[in-house]
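Inside the fold
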2 protein chains.
Amino acid sequence: MNIGILGLGLIGGSLGWDLRLSGHHILGVSRRQSTCSRAIALGCVDEVSVNMSLLSRAEVVFICTPIGLIVPTIELLIPHLPKNTVVTDVGSVKAPIVEGITPLWDNFIGGHPMAGTADSGIEAAQKNLFRDNPYVLTPTTTTPPHAIAILEEIVGSLGARLYYSDPSVHDYAVSWISHLPVMVSSSLISACLGEVNPNILELAQSLASSGFRDTSRVGGGNPELGVMMAKYNRTALLRSLSQYRQSLDDTINLIQSENWDLLKEKLQQNNEARPKFVK
Amino acid sequence: MNIGILGLGLIGGSLGWDLRLSGHHILGVSRRQSTCSRAIALGCVDEVSVNMSLLSRAEVVFICTPIGLIVPTIELLIPHLPKNTVVTDVGSVKAPIVEGITPLWDNFIGGHPMAGTADSGIEAAQKNLFRDNPYVLTPTTTTPPHAIAILEEIVGSLGARLYYSDPSVHDYAVSWISHLPVMVSSSLISACLGEVNPNILELAQSLASSGFRDTSRVGGGNPELGVMMAKYNRTALLRSLSQYRQSLDDTINLIQSENWDLLKEKLQQNNEARPKFVK
């Protein structure tokens, strides 16, 4: 199959690599000539161009741009595509993208491969990035069955775990397990920086170890990514943050009132519930 | 030197092991005969007893019981000790212990080796547990210099990084980097469990990966340990929690008001500040 990939970063480059090794013919498009050259040199694509017209021969196109560019990119791409081309994206928020593209292109199906590394760009691309990781597809009632079938086959060939979800259910789910943790973790670092006694702050910095390292990791990550999450998944994230604030207040009240039995019960529930999220 | 260890769990057992290998003679005391037998078999102690009177020959005694038992244990131990015996403890909160013991025993110096594993008990004891990890000593103005000197030498022989601190500065510092993260992380798990839409909760559990794993780790840990932190470091922890709640509210307000520039600035500050705590 001719598969187009628009946006040759970590996700686009890794997708091209795996699909090419599965026997597909990969057409890559990047805005930068230097990225095009690297993609060819690494073996992520068969043909490459800075011009979207290359994708007129693609049967399926993956849009792998940063999330804010997905809808504008598809608007520019449409004039180049035959009507039966299946278009999908890899954005980490789905409802606004699905709502934006569905009226423009019949053969669209939203997708979210949940894989990544701390690095980005074509140099960070790797083989088998998606293997054993979740890949969510978010078809709607109007998504053509053959578009779903094609994506299902491709996701299967990547070795990913396929999930189907309503776009907004997806967005609420990722707000809990991906976007809320970033804000919770970031607020931890900010709070510590608010310590006004320099002796306490200095000792805290010297003593911090694995507990602080893990809890602060995602909050100390890429600022642009954090803002994107908040901007594009604002409604779901605010809902999660509001529930989190209530949960934090409950904890504070239990400690304030020295209700150790109930605090222990709550910590016990969390201890038992965590393995339902992570093994 | 004859060194006594009262309480043969992860910390007591590991201390005995290292100090014995440094050439000291280790006298171990545990309430349970089965623990005494294991400590001998593993090589953590030279002599062992369920009876505190064994420690009458010790020049230094480490109290390695759970935190709530430290002061009562020392009260029971005192009648067995010559007046010049140096007593120290390994509790993770210092001000209440130092305040409780200073009036009872002149040669006391509080200590906190910051090392551990997810496991506990004598079977979890390991060699070199303290190497390259922080070890805080909390002498007061009345602590005899020779007690400080003896502990300084022992901590050095363990290969630990030695810090001196006022007991309450220590407690505020560990509330930031150890106890607050537990409550922040625990509240994250509780908040997710509050999701009322079963489709969202089920998908969230399926999609959770490294971000959720790290941010929820300490909050899903040992419930007894979490309650102990809150109970014995309540004042400092409530102060940290109050500052954290303010920091969380700031984040929520920035997202609510779509102030992406300020949110990015805050995330950038955290990104730059985190390496001051963890490398």
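Please read these numbers as outputs of a predicted model, since none were measured by experiment.

**Quick word on the overall build of chain A**
A tally of helices and strands in chain A yields eleven helices and eight strands. Taken over the C-alpha atoms alone, chain A extends approximately 70 × 40 × 30 Å along its principal axes. Relative to its full complement of 279 residues, chain A shows a buried share of 57%. Sequence separation of 24 or more characterises 67% of the internal contacts of chain A that already satisfy a separation of 6 or more. Per element, the accessible surface of chain A, about 11,300 Å² overall, is 50% carbon and sulfur.

**Regarding the nonpolar core**
Counting 77 residues, the largest nonpolar core has Ile 177, Tyr 244 and Ile 255 of chain A together with Ile 177, Tyr 244 and Ile 255 of chain B as the members making the most contacts within it. Beyond its immediate sequence surroundings of up to four residues, Tyr 244 of chain B is in contact with Val 184, Ser 187, Leu 188, Ala 191, Tyr 244 and Leu 248 of chain A together with Leu 180 and Val 184 of chain B.

**Description of the packing of helix 10 (residues 234-256) of chain A against helix 11 (residues 260-273) of chain A**
Residues and elements named next belong to chain A. Helix 11 packs onto helix 10 with a crossing angle of 145° between their chain directions and a minimal axis gap of 8 Å. Read as a crossing pair, helix 10 and helix 11 show a hand that is left-handed. Contacts between helix 10 and helix 11 involve Ser 247, Asp 250, Thr 251, Leu 254 and Ile 255 on the former and, on the latter, Trp 260, Leu 262, Leu 263 and Lys 266. Its residues assigned to classes, the contact of helix 10 with helix 11 comprises five nonpolar, two polar and two charged.

**Considerations on the sheet that holds strand 4 (residues 60-63) of chain A**
Residue and element names in this part refer to chain A. With mixed pairing, the eight strands of this open sheet are ordered in space as 3-2-1-4-5-6-7-8. Every other strand in the sheet has two partners, leaving strand 3 (47-49) and strand 8 (161-164) as the edge strands with one partner each. Direction aside, neighbouring strands of the sheet carry axes that sit 20° apart on average. In the sheet, strand 6 (residues 108-113) pairs with strand 7 (residues 134-138) via four bridges, with the strands oriented antiparallel.

**Comments concerning unusual backbone geometry**
Residue and element names in this part refer to chain A. If you check the backbone angles, Asn 128 has positive phi at about 60° while not being a glycine. With respect to the helices and strands, Asn 128 occurs in the loop between strand 6 and strand 7. Although it is not a glycine, Asp 132 adopts a positive phi angle of roughly 65°. Among the structural elements, Asp 132 can be located in the loop between strand 6 and strand 7.

**A few points about the interface of chain B and chain A**
Facing the 87 residues of chain B at the interface are 87 residues of chain A. Summed over both partners, the interface of chain B with chain A comes to about 8,500 Å²; 68% of that surface belongs to carbon and sulfur atoms. In terms of surface lost to chain A, no three residues of chain B exceed Leu 207, Arg 274 and Phe 277 of chain B, which account for 9% of the buried area on that side. Counting every contact that joins chain B to chain A gives ten salt bridges. Across the pair Asp 249 of chain B and Arg 245 of chain A runs a salt bridge whose closest N-O atoms are separated by 2.5 Å. Remark: the boundary between chain B and chain A carries 35 residue pairs in polar contact (both at pLDDT 80 or more). Taken together, the elements giving at least two residues each to the side of chain B that touches chain A come down to strand 7 (134-138), strand 8 (161-164), helix 6 (167-193), helix 7 (198-207), helix 8 (210-216), helix 9 (223-232), helix 10 (234-256) and helix 11 (260-277) of chain B.

**Considering the environment of Ala 147 of chain B**
All names here are of chain B. Inspection of the secondary structure puts Ala 147 in helix 5 (residues 145-157). Each C-alpha atom of the pair Ala 147 and Thr 88 lies 9.1 Å from the other, and the pair is 59 residues apart in sequence. Sequence-distant contacts of Ala 147, defined by excluding residues within four places in its chain, comprise Val 86, Asn 107 and Ile 109.

**Section: the side chain of Ser 190 of chain A**
By secondary structure assignment, the location of Ser 190 of chain A is in helix 6 (residues 167-193). The class for Ser 190 of chain A is buried, based on a relative accessible area of 15%. A polar atom in the side chain of Ser 190 of chain A sits 3.2 Å from the side chain of Asn 270 of chain B. Residues in contact with Ser 190 of chain A, not counting those within four places in the same chain, are Ser 247, Lys 266 and Asn 270 of chain B.

Quick notes on the rules
Each residue is numbered by its place in its chain's sequence as written, counting from 1. For this description, chains carry letters from A and ligands carry numbers from 1, given in the order in which they are written. Local features in this predicted model are restricted to residues whose pLDDT is 70 or higher, and side-chain atom pairs enter the listing and the counts only when it is 80 or higher, whereas totals over whole chains, interfaces and linings include all residues. Side-chain descriptors were evaluated using all non-hydrogen atoms of the structure, hydrogens and water having been removed beforehand. Under the scheme used here, helices are H or I runs from DSSP no shorter than 4 residues and strands are E runs no shorter than 2 residues, and both carry numbers assigned from the N terminus. To sort residues, take the accessible area from a 1.4 Å probe on protein chains only and compare it with the maximum for the residue type: under 20% means buried, over 50% means exposed, and anything in between is partly exposed. The contact criterion used is simple: two residues touch if any of their non-hydrogen atoms lie within 4.5 Å. Each accessible area value is a Shrake-Rupley result obtained with a 1.4 Å probe; residue values ignore everything except the protein chains displayed when judging cover. Among buried residues, the Ala, Val, Leu, Ile, Met, Phe, Trp, Tyr and Cys ones that are joined through side-chain atoms within 4.5 Å form a nonpolar core. To get an axis, fit a line to the C-alpha atoms, keeping to the stretch in contact for a helix; angles then go from 0 to 180 degrees between the N-to-C directions. Here a crossing is called left-handed whenever its near helix is offset anticlockwise from the far helix by less than a right angle, and right-handed whenever the offset is clockwise. For this classification, Asp, Glu, Lys and Arg are treated as charged, while Ala, Val, Leu, Ile, Met, Phe, Trp, Tyr, Cys and Pro are nonpolar and the rest, including Gly, are polar. At least two bridges found by DSSP between two strands is the condition for calling them paired. Put simply, buried area is how much 1.4 Å-probe accessible surface two parts lose in total, over both of them, once they are put together. Whenever a carboxyl oxygen of Asp or Glu lies within 4 Å of a side-chain nitrogen of Lys or Arg, that contact is scored as a salt bridge. Each polar contact in these results corresponds to two N or O atoms within 3.5 Å; when the atoms are within protein, one needs to be able to donate a hydrogen and the other to accept it, and residues that are neighboring in sequence are counted only if both atoms are side-chain atoms.

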